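The chain contents come next:
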Amino acid sequence: MNDRAGQTRPASPRPRPAASLAGALALTLALPAWSGAALDPRFDPSKLTPPPLHAIREVKPQRKVMGNGLVLYLLADHSLPVVRGEAYIRASSLWDPPEKVGLAGLTGEVMRTGGSAARSGDWIDDRLAAIGASLETYIGEDYASASFRCLSENTAEVVGLLAEVVRRPAFPEDKIELAKVGLRRQIAGRNDELLSVFQHVAMLAIYGRESPYARIPEYATVEAITRADCVKMHRQCFVPNRTILVIYGDFEPEAISRLVASGFRDWKRDDAAPPALPAPPARGKARVVFAPKEDVTQSAVVLAQLGFKADSPDYADMEVLERALGSSWQSRLFNKVRTQRGLAYATGATSGAAFMRPGRFYAYSLTRNDSVMAALDLVREEVVRVTREPVTAQELATAREGVQNSFVFNFEQPSAVAFRAGYYELAGYPQDFLQRYQKAVESVTPASMLAAAQRQIEPGKLITVIVGKEKEFDRPLESIGLPVERVDIGIPPPPSKAPAGAATPEALARGKQWLQRAAERAGGPAAWAAIKSWSEDVKVNLSMQGQSISLEGSLSWMLPDRRFVVQKTPMGDVIQGFDGSAGWAKAMGRIQDDPTGARKIKEEYERSLFHLFAHPEALELQALAEPRTIDGASYSAAYVKSESVRDWTLLFDAEGRLAGMEYAGEGPQGPGKQTKMLGDWRAVGAIQYPHSTRVTLDGKPLMEATVTQARANPDLAADLFKKPAE
């Protein structure tokens, strides 16, 4: 298994997470393109005689069981003055309540960042940094873990910290909120990359939208998480009699046993049955699941199906079949789709095996939008073929050799044996599972591979998953001949924070009065309504992750829905446009569509002073009883009812001028409450216009802008807003 945040994952026969589509794609992306050039006979690897491999030294960790049920595996190795440990716990993020998805992951994070009842997370950070150690906690789908790494001289101290964090985490509110910020950032960016969208849609297709296996955090589920939820999830997950602690490195076994006993002895066992995990769904009927993604030049296609557990008798055959079908540059998919036809930058397959539960079978390709169907036909042809006819003897030899050559790395380090022992016990596998697997690989034949493929792959039930730009596909989706299910990958907005209860007539009248007075102070509705176009030059100072960035830019706006923005950056101009029907962006010489352009321009116009002041009578405002205090100043506040702008409140100063507004917006780290304060009002023609703007996100500085020049009703060419030619 792969490392995560410094933690050691046990090595499986193929050291990778369970059927990870992203991991398999990363593998094929790294494969070199075959040039086809003839090899110099002097450097022909087929003529080399490899020396025999050294014998693998057999190591066997000690196993002990403490009185509270905690299992301890120990393997001493004095070659380096380092000690590493990891606790594997039978727990799962699938225990999240559906209305609080993300709870387990957040709990696992804040256990470490929040520290223990005795020491704060910041103190632990500083202490670990001072001694060159690390300590991490985690709750995932298959298990929870707590791991450490330190110099042997600091073992007692770090194991003590591990025991504190595992047994008595503090869960301070500020660290919970910080973890929520990270989750919001992940949610905001989850549709940015094709691979992440592709994997999510494939999970939805295999398991169904309501399955815990396919659920992902949303803004609403993250906001619902409380400290009490974290405390409860921790108690549910971290139990000594479901824990296997593996320690490897420079120590004396008896001394480390006493150390663990001292730290974990009074950790009380819990014999209550943990929540049951849902049973995997049965394979349904074949269908097409399509998710639109308009901002891509290449699309993704996959044939997907629920797989099997690694304890299946078919495991060895399917791992060899995976390599023959699609996980090496000599595989059928690589040769057919990429080398022979040139239709894919990445293509391949996964066997469908996983250790804790059935994995997922994938056969996939990333290809240009205009070759989606052609690539899909080739992938389907090869998948069907491995279930109908055996591979050739040469294909078997090549694939099996690849599997066997990688097998030795499972024993390269004694630590892999130790951590694998704990993981196998957690997963319910025999300790000699790898040795059995090795023998099974040696006995794989074309006939046994064919029989395994026929049992594990059902071509008539394969789900076709496609993510991409449909209007550029080489054939319609319906030409596949299967029912088409369209998936909305839109991200639901955070929960609204609108005032509770219906507004009184008095509050509505007062809110409208405030806006009308502010419009008059700014030149009057008639003067604002007379503005049909606008342009301005600005200097902007952005605050991002503690860094300050100064930029210059310009805005040209044909009201209400044609807009052209230029930002001058150190790496060149970034240009965004909307022509009244479609949005686009250009940066670093690359032009791409912006499918969110219509939504953004509508919201931008509705929030603008051109809309507010030109038609103040048309808006519904509810004066709020409580004023807002910002930077020590008090402002009257009115909530604005809007379909486009969420949680929108206008702020008025004592003189009746519009001082600013608050609304739910987007920042570099995801959504949050944006507060936009206006100042330095100056005349531009017949109106008064603010020449300084200060924006904060959740109370933290985000942007300061100064208008250096503004023009009302400039002549703007109609083609200014059009998308440039490629």
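Residues numbered from 1 in each chain as written. Predicted model: local features only at pLDDT ≥ 70, side-chain atom pairs only at ≥ 80, totals over all residues. Heavy atoms only, no water.

A. Examining the overall build of the chain more closely. Counting secondary structure elements, the chain contains 20 helices and 28 strands. In terms of principal-axis extent, the alpha carbons of the chain reach across some 90 × 65 × 50 Å. Looking at the chain as a whole, 52% of its 726 residues qualify as buried. Restricting to contacts in the chain with at least 6 residues of sequence separation, those with at least 24 account for 71%. Accessible area of the chain: about 33800 Å², with a carbon and sulfur share of 53%. Taking the average location of the 88 positive side-chain charges in the chain and that of its 87 negative ones, the two points are 3 Å from each other. (Helix = DSSP H or I, 4+ residues; strand = E, 2+ residues; numbered from the N terminus. Buried < 20%, exposed > 50% of the residue type's maximum accessible area, 1.4 Å probe, protein only. Contact = heavy atoms within 4.5 Å. Areas by Shrake-Rupley, 256 points an atom, 1.4 Å probe, with all protein chains shown as cover. Lys, Arg positive; Asp, Glu negative; His and termini not counted. Charge placed at Lys NZ, Arg CZ, Asp CG, Glu CD.)

B. Quick look at the packing of helix α4 (residues 155–167) against helix α9 (residues 253–264). Viewed as axis vectors pointing N to C, α4 and α9 meet at an angle of 30 degrees, and their least axial separation amounts to 9 Å. With respect to α9, the element α4 is oriented roughly parallel. The way α4 lies across α9 gives a crossing that is right-handed. In this structure, α4 contributes Thr155, Ala156, Val159, Leu162, Ala163, Val166 and Arg167 to the contact, and α9 contributes Ile256, Leu259, Gly263 and Phe264. (Axes fitted to C-alpha atoms, helices over the stretch in contact; angles between N-to-C directions. Parallel < 35°, antiparallel > 145°, perpendicular 65-115°, else oblique. Left-handed = near helix turned anticlockwise from the far one by under 90°.)

C. Spotlight on unusual backbone geometry. A cis amide bond, omega 5 degrees, links leucine 559 with the succeeding residue proline 560. Note on placement: proline 560 falls in the loop between β16 (547–558) and β17 (562–569). With a phi angle near 50 degrees, aspartate 631 is a residue other than glycine that sits in the positive phi range. Look at aspartate 631 and you get exposed, because its relative accessible area is 64%. Of note, aspartate 647 is a non-glycine position whose phi angle comes to about 50 degrees, a positive value. Structurally, aspartate 647 is set in the loop between β23 (633–640) and β24 (648–652).

D. Molecular detail of the environment of threonine 347. Locating threonine 347 in the fold gives a position in strand β10 (residues 346–350). Classification of threonine 347 by relative accessible area gives buried; the value is 1%. Here tyrosine 364 takes part through its backbone oxygen, which lies 2.7 Å from a polar atom of the side chain of threonine 347. (Polar contact = N/O pair within 3.5 Å; in protein donor to acceptor, adjacent residues only side chain to side chain.)

E. The packing of aromatic side chains, seen in detail. This model, assessed by the stated rule, comprises 28 aromatic pairs. Consider the rings of tyrosine 88 and tyrosine 423, whose centres lie 6.3 Å apart with planes at 65 degrees: the pair is edge-to-face. Here tyrosine 88 is found in strand β3 (residues 82–89), whereas its partner tyrosine 423 is found in helix α14 (residues 414–427), with 335 residues between them in sequence. Classification of tyrosine 423 by relative accessible area gives buried; the value is 3%. By way of ring pairs, the aromatic residues Tyr88, Tyr143, Tyr315, Phe355, Phe407, Tyr423, Tyr424, Tyr429, Phe433 and Tyr437 are connected into one cluster. Looking at arginine 607, its charged tip hangs above the ring of tyrosine 663, at a distance of 4.2 Å from the centre. (Phe/Tyr/Trp six-rings, centres within 6.5 Å; stacked < 30°, edge-to-face > 60°. Lys NZ or Arg CZ within 6 Å of the ring centre and 35° of its normal.)

F. The side chain of glutamine 674, seen in detail. Position of glutamine 674 among the secondary structure elements: in strand β26 (residues 670–684). Classification of glutamine 674 by relative accessible area gives buried; the value is 8%. Other than its neighbours up to four places away in sequence, glutamine 674 contacts Met661, Glu662, Tyr663, Gly665, Glu666, Gly667, Val695, Thr696, Leu697 and Leu702.

G. Main features of the sheet that holds strand β12 (residues 360–368). The strand order across the open sheet built from six strands is β10-β12-β8-β13-β7-β14, with neighbouring strands paired in mixed fashion. On the outer flanks of this sheet lie β10 and β14 (484–486), each paired with one strand and no other. The sheet shows a mean angle of 15 degrees between the axes of neighbouring strands, direction not considered. Looking at chain direction, strand β7 (residues 287–292) and strand β13 (residues 463–468) are connected through six bridges and run parallel. Its bridge partner lying in β13, valine 289 is registered against valine 465. (Pairing = 2+ DSSP bridges.)

H. Focus on the nonpolar core. Of all hydrophobic cores here, the largest spans 67 residues; its most connected members are Tyr315, Val320, Phe355, Met373, Val383, Ile457 and Ile466. Among the elements that make up this core, the one with the highest residue count is α14 (eight residues). Once residues within four sequence positions are removed from consideration, methionine 373 is found in contact with Ile466, Phe473, Asp474, Arg475, Pro476, Leu477 and Ile480. Counting 52 residues, the second largest nonpolar core, distinct from the first, contains Leu106, Cys150, Ile187 and Ala261. (Core = buried A, V, L, I, M, F, W, Y, C linked by side-chain atoms within 4.5 Å.)

I. Structural detail: the pattern of salt bridges. Here the structure, examined in full by the defined rule, presents 44 salt bridges. When the shortest N-O distance is used, the salt bridge between lysine 469 and glutamate 472 registers 3.4 Å. A relative accessible area of 7% means that lysine 469 is categorised as buried. Judged by its relative accessible area of 36%, glutamate 472 falls in the partly exposed class. Several salt bridges share partner residues, and in doing so they unite Lys336, Glu381, Glu382, Arg385 and Glu389 into one network. (Salt bridge = Lys/Arg side-chain N within 4 Å of Asp/Glu carboxyl O.)

J. Fine view of the environment of serine 644. Structurally, serine 644 can be placed in the loop between β23 and β24. Note: C-alpha distance between serine 644 and valine 695 (51 residues apart in sequence) is 19 Å. When sequence neighbours within four positions are dropped, the list of residues in contact with serine 644 reads Lys602, Glu603 and Glu606.

K. How the structure looks around the packing of helix α3 (residues 121–131) against α4. Two elements in contact, α3 and α4, have axes separated by 12 Å at closest approach and are oriented at 155 degrees. Judged by the angle between their axes, α3 and α4 are roughly antiparallel. α3 and α4 meet at a crossing whose hand is left-handed. Touching Trp123, Ile124, Arg127, Leu128 and Ile131 of α3 are Glu157, Val158, Leu161 and Val165, all from α4.

L. Examining the pairing of strand β19 (residues 583–587) more closely. Relative to β19, strand β18 (residues 572–579) runs antiparallel, the two sharing five bridges. By the bridge assignment for β19, phenylalanine 578 is matched with glycine 583. Connecting β18 to the antiparallel partner β19 that follows it, the hairpin turn spans three residues, and glycine 580 within it adopts a positive phi of roughly 105 degrees. Of the pairings in the sheet, the one linking β19 to strand β20 (residues 590–594) comprises five bridges and is antiparallel in character. Residue pairing across strands places lysine 586 opposite isoleucine 591, the latter belonging to β20. Connecting β19 to the next strand, β20, in antiparallel fashion are two residues, including methionine 588 with a positive phi near 55 degrees.

M. How the structure looks around the sheet that holds strand β4 (residues 134–139). Spatial ordering of the open sheet is given by β1-β2-β6-β3-β5-β4, a layout of six strands whose pairing is mixed. The open sheet is flanked by β1 (62–65) and β4, the only strands paired with a single partner. Neighbour to neighbour, the strand axes of the sheet diverge by 15 degrees on average, direction disregarded. One ladder, built from six bridges, connects β4 with strand β5 (residues 144–151); its direction is antiparallel.

N. Geometry of the pairing of β5. Counting buried residues along β5, six of its eight residues qualify, which places the element largely inside the surrounding structure. In this structure, β3 lies alongside β5, joined through eight bridges in antiparallel fashion. If you follow tyrosine 88 over to β5, its bridge partner there is serine 145. Where β4 folds back on β5, the antiparallel hairpin that results is connected by four residues.

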